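# Examining the three-dimensional arrangement
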Amino acid sequence: MIILGIETSCDETAISLVKASANKVEVLSNIVSSQIELHAAWGGVVPNLAAREHLKNIIPVFKRSLKEACITKKDIDLISVTKGPGLIPALLVGTNFAKTLSYLWEKPLLGIHHIEGHIYANFIGDKVLEKSTKLNPKSTFPLLALVVSVGHTQLIYMKDNLKYEIIGETQDDAVGEAFDKVARILGLGYPGGPAISAKAEIAADRHRKNADRRKNVLHESASSPYKSVLQLPRPMIKSKNLNFSFSGLKTAALYATKDYRKANNLSEEDSLPQNFIEELAYEFQEAATDVLVKKTIDAAKKKTPKTIIMAGGVSANKKLDEKMKRNIEESLPSDTVYKKPNTSYSLDNASMIASAAYYRWRSMSKKEQEFSLDNWKIFQTNASLKLE
Ligand code: KG4
Ligand code: ZN
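Below or above, wherever it landed, is the structure these notes cover.

Rules used in this analysis
Residues numbered from 1 in each chain as written. Chains lettered and ligands numbered in written order. Predicted model: local features only at pLDDT ≥ 70, side-chain atom pairs only at ≥ 80, totals over all residues. Heavy atoms only, no water. Helix = DSSP H or I, 4+ residues; strand = E, 2+ residues; numbered from the N terminus. Rg over C-alpha atoms; globule rule 2.2 N^0.38 Å. Buried < 20%, exposed > 50% of the residue type's maximum accessible area, 1.4 Å probe, protein only. Contact = heavy atoms within 4.5 Å. Areas by Shrake-Rupley, 256 points an atom, 1.4 Å probe, with all protein chains shown as cover. Lys, Arg positive; Asp, Glu negative; His and termini not counted. Charge placed at Lys NZ, Arg CZ, Asp CG, Glu CD. Pairing = 2+ DSSP bridges. Axes fitted to C-alpha atoms, helices over the stretch in contact; angles between N-to-C directions. Near = heavy atom within 4 Å. Polar contact = N/O pair within 3.5 Å; in protein donor to acceptor, adjacent residues only side chain to side chain. Nonpolar A, V, L, I, M, F, W, Y, C, P; charged D, E, K, R; others polar. Donors = N, O, S within 2.8 Å, 3.2 Å for Na, K, Ca; no water. Right-handed = clockwise from strand over helix to strand, strands pointing away. Expected span 1.5 Å × (residues − 1).

The next point concerns the overall build of the protein chain. Looking only at helices and strands, one finds twelve helices and ten strands in the protein chain. Against the globule reference of 21 Å for 388 residues, the protein chain gives a C-alpha radius of gyration of 22 Å, in line with a compact fold. Projected onto the principal axes, the alpha-carbon positions of the protein chain cover approximately 70 × 55 × 35 Å. Expressed as a percentage of its 388 residues, the buried residues of the protein chain come to 52%. Long-range pairs, those at least 24 residues apart, make up 74% of the contacts in the protein chain between residues at least 6 apart in sequence. Entry remark: accessible area of the protein chain is about 18600 Å², with carbon and sulfur atoms responsible for 53%. Each charge class in the protein chain can be summarised by its mean position, and for the 54 positive and 44 negative side chains these summaries are 3 Å apart.

Written as structure tokens, this is what we have:
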């Protein structure tokens, strides 16, 4: 079947067409129009500006997506759209568009949870996931998902497709939000994740070179991990539960910056030296990824999943990926499968929404599928939608 996916929950206007079958979900087009430059000037996403941009872009993006996929109205079997969570003015552009299309074209409509989309982004192009049975012992389930985005930091245990048990979550800020705020403190602009990562990489290169130099001079091993001179906390890393907290880490980064300014007679307006920015970015990324990985491993030891996946924008972080891979190999059974979404599907996109919609569709009875022709009248757009 051919599924149209629509995503406008934040600052990306995204429309995709996928071809889904019992075999796999295959992407025919994946068009994303990003508003990053517009919001960068404000240091974060401005909801009403985002809505205005979505409104301007949604039809051109839709037309491009159809053209690239060589698909017309008659080929489409199902329309899917993010119905929450997200920024309400932004979400409403996508849901209104989807509802109108569903009504005019008389096609079924499914509203999808944004995080469900991020989770199912992992399985685009793969064999369709089936429940674990005696006949199918090699199933992907049970599965543990680490969800890391600007609005969410959660550990989710899945016994089967679409069955979610939240076993840990942040008590305050989400990790993506912390990346963005620390980037702002350092004057790195929006979005913060990639900027922090790039600066941290420069610091890491310097640490490697210094260690090599030391090794040559002293003939000593340079393999021990680098310990930053700027020490930030690893909040809740030793707590017995699987929850997170990132607000204290962000505040610690703010105070480290204030202290540095004071010690070096720099005013709030003076720019910070690159060296300091790179070192703080490095230490922040180390602290955040240490906690995310430790909690994921703790959760996996408790719940013994067959598969561990990452989902959400922060899953694009290379350091997090490297650490996760290494720690899974070192601490968990050797047959534990680890996955993260392909780079084209880790940030907000609409293929992930269409992919999740396929799993929803195949879980429905014939009657429920028929009723979804009327969903344009029924479903509610919800800024704080819960995953269930
Ligand atoms: O999943 P997403 O688009 O947001 C929500 O759905 O809520 O993720 C966006 C977040 C932003 O906070 C951005 O800074 C972060 O993902 N991000 C990264 C990287 N790329 C994007 N964080 C760390 N490292 C990255 N490479
Ligand atoms: Zn997202």
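Moving on from the model shown.
The strand order S3-S2-S1-S4-S5 describes an open sheet built from five strands, whose pairing is mixed. The outermost strands of the open sheet, each flanked by one partner alone, are strand S3 (25–34) and strand S5 (109–113). Averaged over all adjacent pairs, the angle separating strand axes in this sheet is 20 degrees, with direction ignored. Packing of helix H2 (residues 47–69) onto the sheet brings it into contact with strand S1 (2–7), strand S2 (12–20) and S3, and relative to S2 it is tilted by some 25 degrees.

This paragraph deals with the site of ligand 1. Contacts to ligand 1 come from 19 residues, most closely from His114, Asp180, Gly193, Gly313 and Asp348. His114 places a polar side-chain atom, nitrogen or oxygen, 2.8 Å from an oxygen atom of ligand 1. A distance of 2.8 Å separates an oxygen atom of ligand 1 from a polar backbone atom of Gly313. For ligand 1, whose free accessible area comes to 560 Å², the fraction covered by protein is 89%. When residues of the shell around ligand 1 are traced back to their parent elements, those giving at least two are helix H4 (114–120), helix H5 (175–185) and helix H6 (192–218). Counted by class, the shell around ligand 1 contains seven nonpolar, ten polar and two charged residues.

Now for the coordination of the zinc ion (ligand 2). Bound to the zinc ion (ligand 2) on the protein side are His114 (NE2), His118 (NE2) and Asp348 (OD), at distances that span 2.0 to 2.1 Å. Look at where the donors of the zinc ion (ligand 2) fall in the sequence and you get H-x3-H-x229-D. One end of the pair, His118, is in helix H4; the other, Asp348, is in the loop between strand S10 (337–339) and helix H10 (351–362), with 230 residues separating them in the sequence. Judged on exposure class, the residue His118 and its partner Asp348 are both buried.

Right, let's get into the pairing of strand S9 (residues 307–311). Counting buried residues along S9, five of its five residues qualify, which places the element largely inside the surrounding structure. The alternating pattern of S9 places Thr307, Ile309 and Ala311 on one face and Ile308 and Met310 on the opposite face, and all of these are buried. By the bridge criterion, five bridges tie strand S6 (residues 143–148) to S9 in an arrangement that is parallel. Its bridge partner being in S9, Ala145 is matched across the sheet by Ile309. Examined bridge by bridge, S9 and S10 share three bridges and lie parallel to one another. When the bridges of S10 are listed, Ile309 appears paired with Lys339. Tracing the backbone out of S9, into helix H9 (residues 318–331) and back to the parallel element S10 gives a crossover that is right-handed.

Across its 30 residues, helix H8 (residues 274–303) extends 43 Å between first and last C-alpha, which sits within 8% of the 44 Å expected from 1.5 Å per residue. Most of H8 is tucked away, with 22 of its 30 residues classed as buried. Immediately downstream of H8, the backbone of Thr304 shows phi near 40 degrees, a positive value.

Our focus in this paragraph is unusual backbone geometry. Across residues other than glycine, the phi torsion is negative in most instances, and most of the peptide bonds are trans. Following Phe141, the chain continues into Pro142 via a peptide bond in cis, with omega recorded as 0 degrees. When you line up the elements, Pro142 lands in the loop between H4 and S6. Here the amide bond leading from Tyr190 into Pro191 is cis, since omega sits at -5 degrees, within 30 degrees of zero. Position of Pro191 among the secondary structure elements: in the loop between H5 and H6. Non-glycine residue Cys70 carries a positive phi angle of around 55 degrees. On the basis of relative accessibility, which here comes to 67%, the residue Cys70 falls in the exposed class. In this structure, Leu162 takes a positive phi of about 65 degrees despite not being glycine.

Scope: geometric values only; no functional claims are made or implied.
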